[in-house]
Amino acid sequence: MRSTFMGLETAKRGMFTQQSALYTTGHNISNANTPGYSRQRVNFQTTTPYPAVGLNRPNIPGQMGTGVEAGSVQRIRDAFVDVQYRNENNKLGYWSERADALTKVEDIINEPSEQGLAKTFNELWDSLQTLGGSPTNDGARSVVIERLQSVTETFNYMHDSLKAMKDDYGNQLDVTEKAVNSILSQINDVNQQIKETEPNGYLPNDLYDKRDALVDELSQYVNISIERVPNGGNSLPIAEGTYKILLADANGSATTNELVNGEGYTQLDIQTDGDKVTQIVFASYTKDGAAGGNAYSGTAAISGTKDAVTFSRGEIRALIEAYGYSDGTKTVGMYSNMLSDLNTLAEAFVSKFNEVNSAGKRTDGTAPGAILEITDTANAAGSIQLVAGTTGKDIGASENGEAGDGANAYNLANIFTDKSLIVTDNTTTPETTTSINEFFEAVIGRLGVDSQQASRTATNVEVLRTSAETNRNSISAVSLDEEMTNLIQFQHAYNGAARMITVVDEMLDKIINGMGTGGR
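Predicted, not measured: the structure shown is a model, and the values here were computed from it. Sequence order sets the numbering: in each chain, residues are counted from 1 along the sequence as written. Local features are withheld for residues below a pLDDT of 70 in this predicted model, meaning they are given only at 70 or higher, and side-chain atom pairs are given and counted only at 80 or more; totals for whole chains, interfaces and linings count all residues. For the side-chain quantities, the full set of heavy atoms in the structure was used; hydrogens and water were omitted.

(A) Structural context of the packing of aromatic side chains. The criterion for an aromatic pair is that two Phe, Tyr or Trp rings (for Trp, the six-membered ring) have centres within 6.5 Å, with stacked assigned to planes under 30 degrees apart, edge-to-face to planes over 60 apart and tilted to the rest. This structure, assessed with the given rule, holds 10 aromatic pairs. With 5.7 Å between their ring centres and 15° between their planes, Tyr265 and Tyr285 make a pair best called stacked. Of this pair, Tyr265 sits in strand S6 (residues 264-273) while Tyr285 sits in strand S7 (residues 276-286), and the two are 20 residues apart along the sequence. Note on Tyr265: relative accessible area 8%, which makes it buried. Whether a charge sits over a ring depends on NZ of Lys or CZ of Arg being within 6 Å of the ring centre and within 35 degrees of the ring normal. Over the ring of Tyr323 we find Lys166; its NZ or CZ atom is 4.4 Å from the centre of that ring. The ring of Tyr94 has Arg313 sitting right over it, with the charged end atom 4.5 Å from the ring centre. Secondary structure elements are taken from DSSP: a helix is a run of H or I of four residues or more, a strand is a run of E of two residues or more, and numbering for both begins at the N terminus. Only protein chains enter the accessibility calculation, which uses a 1.4 Å probe; a residue whose area is less than 20% of its type maximum is buried, one above 50% is exposed, and one in between is partly exposed.

Here's what the structure looks like:
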């Protein structure tokens, strides 16, 4: 026979469960503007019906419901959308940093403009043309010297600016290294808290959110893959477990290198040698932060072609490509390549200008010497200068030393279009060569194309990431309109359960105080 007080228990469970839903709704509303927060819901489930199946069950028409209970409090999250977001966030980290680095190179080179190297070359060419027509004019000679000085100063400025910016990227690599290591350490800490909570039958939703926010941030720097490892014990079937974070390679394929697992984590050390990144050392730590552990411990050699590093895609890779790395024979990278091209240009210009000038005659008929010099061959563009004491009289404008002969000044002007000056391909016979003008135009053209491609790709990837973020927010973000609707719904259910207790109380009052009073 059923209990007389059964209705009270059913109503009490209803009140408690609706109260839990109200509290959870209040938690959602309170965190509506909390970054990374995922809305939560109470999963209602019916309690065990009465009576249970057995030989001693009471003889009643059928099982009766005994109410409702909160099975779990679960956050609303779509793992597939998270993967989409992190993939696009990783691409954006790479392309936005690459576009930014190339834009800074463009700002320094400043072509085409009235202050760039091409303009100073043209002004020098014009002054030599003028000198060719008036070889005895001291004013024309002084202008040539001034134009030469402008060319050397422009080379020096561009070289020094590129070198300073390259050094800045070296410092930024240090800052990024610290940021990544901090994230890995924090993910390990949250992993341990989750690992201690789940076996007790709880879902640590706020810890899940904190961990996912850290993983989102990590995906900006390196490409990663995530595996979930169950924590056992009394963990619920929907518990998310411990994250095992694997480093992905340059092609996006997961490796066996575990950056974080349930037993520890790793720390990065980006090592440089002079003007390039040589390798990344991974040191393993236990879950308590002591040296050791079973996370990834080893090195990743940094090498590749002129345009790509063989390391995981992300912001770190873009920074390495900007700062510099080895292609097996020399240092390459965005800034290293531009510095190398400028050095090549400066060396060719100085060598040919001195050669042609020395072949001419001064105004007094004597042979001039070199009027340009490079004091540091490793940094030609940064050390190009006029030879001390050079004046306009040192320009060999004449071929034969006769008055009015300015033929060699024209020869000096023609060095800018001499297509035999700079070797561009030494694997062919004969070698492929080009002129100073064409070489510089090709350098600027490549820079423009690379920068445009990086900026365009960064813009496109940002659109895709925004789309993925919008999709995730449509699933996980808190909607105040929806929460207010839920608030009213749960409030009415709570009031209904309370009303049921009142009704049952009246019934019991009738049974206890109203029955069995006949004949008194």
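From this point, the discussion proceeds with the structure in view.
(B) Structural context of the nonpolar core. For our purposes a nonpolar core is just a set of buried Ala, Val, Leu, Ile, Met, Phe, Trp, Tyr and Cys residues, chained together by side-chain atoms within 4.5 Å. Formed by 100 residues in total, the largest nonpolar core has its most connected members in Leu148, Phe155, Ile280, Phe311, Ile316 and Phe349. Contacts between residues were defined by any pair of non-hydrogen atoms, one from each residue, lying within 4.5 Å. Beyond its immediate sequence surroundings of up to four residues, Phe311 is in contact with Val222, Leu247, Ala250, Ile280, Phe282, Ala300, Ile302, Ile316 and Arg317.

(C) View of the pattern of salt bridges. Salt bridges are defined by distance alone: a side-chain nitrogen of Lys or Arg within 4 Å of a carboxyl oxygen of Asp or Glu. Following the criterion strictly, the structure yields 31 salt bridges and no others. Ionic pairing is found between Lys12 and Glu9, a salt bridge with its closest N-O pair at 3.2 Å. Here Lys12 pairs with Glu9, and both are found in helix H1 (residues 6-30), just three residues apart, close to one helical turn. Between Arg75 and Asp212 there is a salt bridge whose closest N-O contact spans 2.5 Å. Placement of Arg75 in strand S2 (residues 68-75) and of Asp212 in helix H5 (residues 205-221) is noted, with a sequence separation of 137 residues between them. Comparing Arg75 with Asp212, the two get one shared label, buried. When salt bridges that share partners are traced, they join Arg75, Arg77, Asp82, Arg86, Asp209, Arg211, Asp212, Asp216, Glu240 and Arg472 into one network.

(D) Structural context of helix H3 (residues 117-133). Here H3 is 17 residues long and its end C-alpha atoms lie 25 Å apart, about the 24 Å a rise of 1.5 Å per residue gives. All of the buried residues along H3 are Leu117, Thr120, Phe121, Leu124, Ser127, Leu128, Leu131 and Gly132. What you see down the axis of H3 is that its buried residues fit within an arc of 145°, all on one side. Looking at the buried side of H3, the elements it contacts are helix H4 (138-197), helix H7 (334-358), helix H9 (407-413) and helix H10 (436-476). Given a helix with a known number of residues, its expected span is that number minus one, times 1.5 Å. Regarding the arc, it is the one traced by the directions from the helix axis to the C-beta atoms.

(E) How the structure looks around the side chain of Thr47. Mapped onto the fold, Thr47 is located in the loop between strand S1 (40-46) and S2. A polar contact of 2.4 Å, which involves the side chain of Thr47, links it to the side chain of Thr66. With near-sequence residues (within four places) excluded, Thr47 lies in contact with Arg13, Thr66, Gly67, Val68 and Glu69. Whenever two N or O atoms come within 3.5 Å, that pair is a polar contact, provided that in protein one can donate a hydrogen and the other can accept it, and provided that, for residues adjacent in sequence, both atoms are side-chain atoms.

(F) The arrangement of the packing of H1 against helix H11 (residues 480-514) in detail. Note on geometry: axes are C-alpha line fits, over the in-contact stretch for helices, and angles between N-to-C directions span 0 to 180 degrees. One can describe the packing of H1 onto H11 by two numbers: an axis separation of 8 Å at closest approach and a directional angle of 160°. Classified by the angle their axes make, H1 and H11 are roughly antiparallel. The interaxial crossing formed by H1 with H11 has left-handed handedness. Looking at the contact of H1 with H11 residue by residue, the classes come out as 18 nonpolar, nine polar and two charged. In what follows, roughly perpendicular refers to angles from 65 to 115 degrees, roughly parallel to angles under 35, roughly antiparallel to angles over 145, and oblique to any angle outside these ranges. Should the near helix be turned anticlockwise from the far one by less than a right angle, the crossing is termed left-handed; should it be turned clockwise, right-handed. When residues are grouped by polarity, Ala, Val, Leu, Ile, Met, Phe, Trp, Tyr, Cys and Pro land in nonpolar, Asp, Glu, Lys and Arg in charged, and all others, Gly among them, in polar.

(G) Main features of the sheet that holds strand S3 (residues 224-229). In short, DSSP must find at least two bridges between two strands for them to pair. Read across the open sheet, the six strands follow the order S3-S4-S5-S6-S7-S8; overall the sheet is antiparallel. The open sheet terminates on both sides in strands that have one partner only, identified here as S3 and strand S8 (298-301). When strand polarity is set aside, the average angle formed by the axes of neighbouring strands in this sheet is 35°. Across three bridges, strand S4 (residues 242-248) lies against strand S5 (residues 254-261) in antiparallel orientation. Opposite Ala248, over in S5, you have Ala254 as the bridge partner. In the packing of helix H6 (residues 315-323) onto the sheet, the strands contacted are S6 and S7, and the crossing angle to S7 comes to about 150°.

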